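A structural walkthrough
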Amino acid sequence: MTLPQPLLKLEQASRRRAGRTAVQDLTLALERGQVLGLLGVNGAGKSTTLSMVAGALAPDSGRILLDGEDLAEHPALARRLVGWLPERAPLWQELTVGEHLDAHGRLRGLKGAALKQARARMVERLELAPLERRLAGVLSQGQRQRLGLACALLHQPALLVLDEPGNALDPVQVAALRTLIRDEAAAGTAVILSTHVLAEVTAVCDRVAILHDGALRHEGMLTSADHAALEQHFFAIATARAAA
Amino acid sequence: MSALAVTRLELRRLFVRPLAWVLGALTLAWLAWNFTLMLGSFLAAQIRLAALPDGPGYTDLVAVPLLAKLAELAFLVVPLLSMSALAGERREGRLALLLGMGLKPSRIVLGKYVALLVWLLAWLALVVAMPVALAHATAIDWGKLAAAALGMALLLASLAALGLACSAFASHPAIAAAAALVITLGLWAVNLGARMAGVDDGALNWLAMSSHLQPLLRGLVASPDVVWFVLLTVVSLALATRRVAAERERG
């Protein structure tokens, strides 16, 4: 009997940025339908890790395997399999919400009826209908995040990479985001969620990984009852850094 | 396919941003004014010129000088249009997003280049249309005009590639524009000293952009001149692609 292959596998991935080690020997695996919370203080290496997983940044050493294939050798895999929402949703200010969805769809290889369908699905799901003709440059932060999320989900990726998606969202939008993440996971999408909000992790994640100074310090499964233990663990790591 | 998607996106952005419209409108108005002045001078001198054997005609005195004025404007317009194509994308985090979509760097560069070229060729077509609009009333040397238009198209194509390369390497769009302008002026006038010293041959003259554009504006299409512009375009696009590809490594 063979075990199911994880969708995402990081094998001792390391990366230096701005003259310092941002991520060091990171080994992680993620299966379809799982939600992994990536926790860490600012500068812990979360965004660098997510950029590598999304294919925007190559590891200096180690490998990132997507569906069993090396992402460095097959960067086009990211186009099909990964949906990425960076920390600040990068939008083209002069384009409307609808034009963003069309452009992202085309860049992902969607066209014709498939593109129209995907766009309509995202407009409905992220409640973007009233904003469709609005320029991205005049959207509020929360609206920008919703548009970024719609662009990331447009091609129904197998892996959703979210870098602090709850930033600038109001409590109602946060609740909607959590529902969306759970729905995606239930549909078989693997999700990596980077955040420094512990409640975010305990609310939606199956597993948690804590990064500190670019290294993985803790990794494990999570239940809703683990909040206090997780908080204790996280602060122990964070204060260890402060003491150091 | 993905290059086409980048081109569509970039064209849409060009056509909704005020910069392209303002540059287009101002330069076309300036060129139309120059066209009127040159036409006036030509009409005033027409009788005297008609008496000269092989004297210059409408194409030499109006159409080609108008295209030469377009070349001067292109030195400034192309860097302004191309400056944010890659430098701006990088600053806003959108270049990482495009790379994260698994797009090949060559497709990103090519897509942006084609969009820029479409705008520039439309600009050139509108300028060429000015002298051509009077074709029914005067004798146009079509061969000479076609050679000059080809020269201008090659110039615009190479300046667009150069601007894109500068945008790929610069950290800020303004730096990209300044670098493209300085390099263009350098390439244009690199042989100035040699020519003043009476040396009309040699490597510096070969390197100078003016040495290759002027024969085309005079109606002489020679393959070394065409190859020079194609080389500049290809080398610039290759450098831009290389820099964008390094983005994944450099971060």
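First, a word on scope: everything that follows refers to the structure included in this document.

Cut-offs used in this document
By convention here, each chain's residues receive numbers from 1 onward along its written sequence. Chains carry letters and ligands carry numbers; both start at the beginning, A for chains and 1 for ligands, and go up in the order they are written. In view of the model being predicted, local features appear only for residues whose pLDDT reaches at least 70, and side-chain atom pairs are presented and counted only at 80 or more, with totals across whole chains, interfaces and linings using the full set of residues. Any residue surrounded by 20 or more other C-beta atoms within 10 Å of its C-beta is treated as buried, while 12 or fewer makes it exposed and the intermediate range makes it partly exposed; C-beta atoms here are placed from the backbone. Counting from the N terminus, the helices are the DSSP runs of H or I reaching at least four residues and the strands are the DSSP runs of E reaching at least two. Two strands pair under a simple rule: DSSP has to find at least two bridges between them. With the strands pointing away from the viewer, any crossover whose connection runs clockwise from the first strand over the helix to the second is right-handed. Distance between backbone-placed C-beta atoms decides contact: two residues are in contact if it is within 7 Å. We call Asp, Glu, Lys and Arg charged. Ala, Val, Leu, Ile, Met, Phe, Trp, Tyr, Cys and Pro are nonpolar, and the rest, Gly among them, are polar. Working convention: axes come from line fits to C-alpha atoms, limited for helices to the stretch in contact. Angles between N-to-C directions cover 0 to 180 degrees.

Right, let's get into the pairing of strand β7 (residues 159-163) of chain A. Residue and element names in this part refer to chain A. With respect to burial, β7 is a largely interior element, five of its five residues being buried. Side-chain alternation along β7 places L159, V161 and D163 on one buried face and L160 and L162 on a second face that is also buried. The sheet contact formed by β7 and strand β8 (residues 190-195) spans five bridges and is parallel. Across the sheet, the residue bridging to D163 is S194, located in β8. Read from β7 through helix α6 (residues 171-186) to β8, the crossover connection turns out right-handed.

With 22 residues of chain B in contact, the opposing surface of chain A contributes 25 residues. Mapped onto the side of chain B that touches chain A, the elements with two or more residues apiece are α1 (2-16), α4 (94-100) and α11 (223-250) of chain B. Looking at which element gives the most residues to the side of chain B that touches chain A, the answer is α1 of chain B, with seven residues. Looking at side-chain class alone, the side of chain B that touches chain A contains nine nonpolar, five polar and eight charged residues.

Let's shift gears to helix α3 (residues 97-107) of chain A. Residue pairs spaced three or four apart in an α-helix point in one direction, given the helix's 3.6 residues per turn. In terms of burial, α3 of chain A is largely enclosed, as eight of its 11 residues are buried. Every buried residue of α3 of chain A is listed here: V97, H100, L101, D102, A103, H104, G105 and L107 of chain A. Its buried side turned inward, α3 of chain A meets α4 (112-125) and α5 (141-153) of chain A together with α1 of chain B. One or two positions beyond α3 of chain A, positive phi appears at G109 of chain A, with a value near 95°.

Before going further, it helps to examine the sheet that holds β8 of chain A. The strands that make up a sheet pair up through hydrogen bonds in the backbone, lying either parallel or antiparallel. Residues and elements named next belong to chain A. With mixed pairing, six strands are arranged side by side in an open sheet as β6-β7-β8-β3-β9-β10. The open sheet terminates on both sides in strands that have one partner only, identified here as β6 (82-85) and β10 (215-221). Across this sheet, the average inter-strand angle for adjacent strands is 15°, counted without regard to direction. As defined by bridge partners, strand β3 (residues 35-39) adjoins β8 across five bridges and the pair is classed as parallel. Bridging across to β8, L38 finds its partner in S194. Lying over the sheet, α5 contacts β6 and β7, oriented at roughly 170° with respect to β6.

Before going further, it helps to examine the sheet that holds strand β1 (residues 8-17) of chain A. Residues and elements named next belong to chain A. Taken together, the four strands give an open sheet; going across it, the order is β2-β1-β4-β5, and neighbouring strands pair in antiparallel fashion. Two strands lie at the open edges of the sheet, namely β2 (20-30) and β5 (69-70), each paired on one side alone. Pairing geometry for β1 and β2, over seven bridges, is antiparallel. Residue A13 lies in a different strand from β2, and its bridge partner there is L26. On the sheet, helix α1 (residues 46-54) packs against β1, β2 and β4 (61-66) and is oriented at approximately 125° with respect to β1.

Keep in mind that these numbers describe shape and distance, not what the molecule does.
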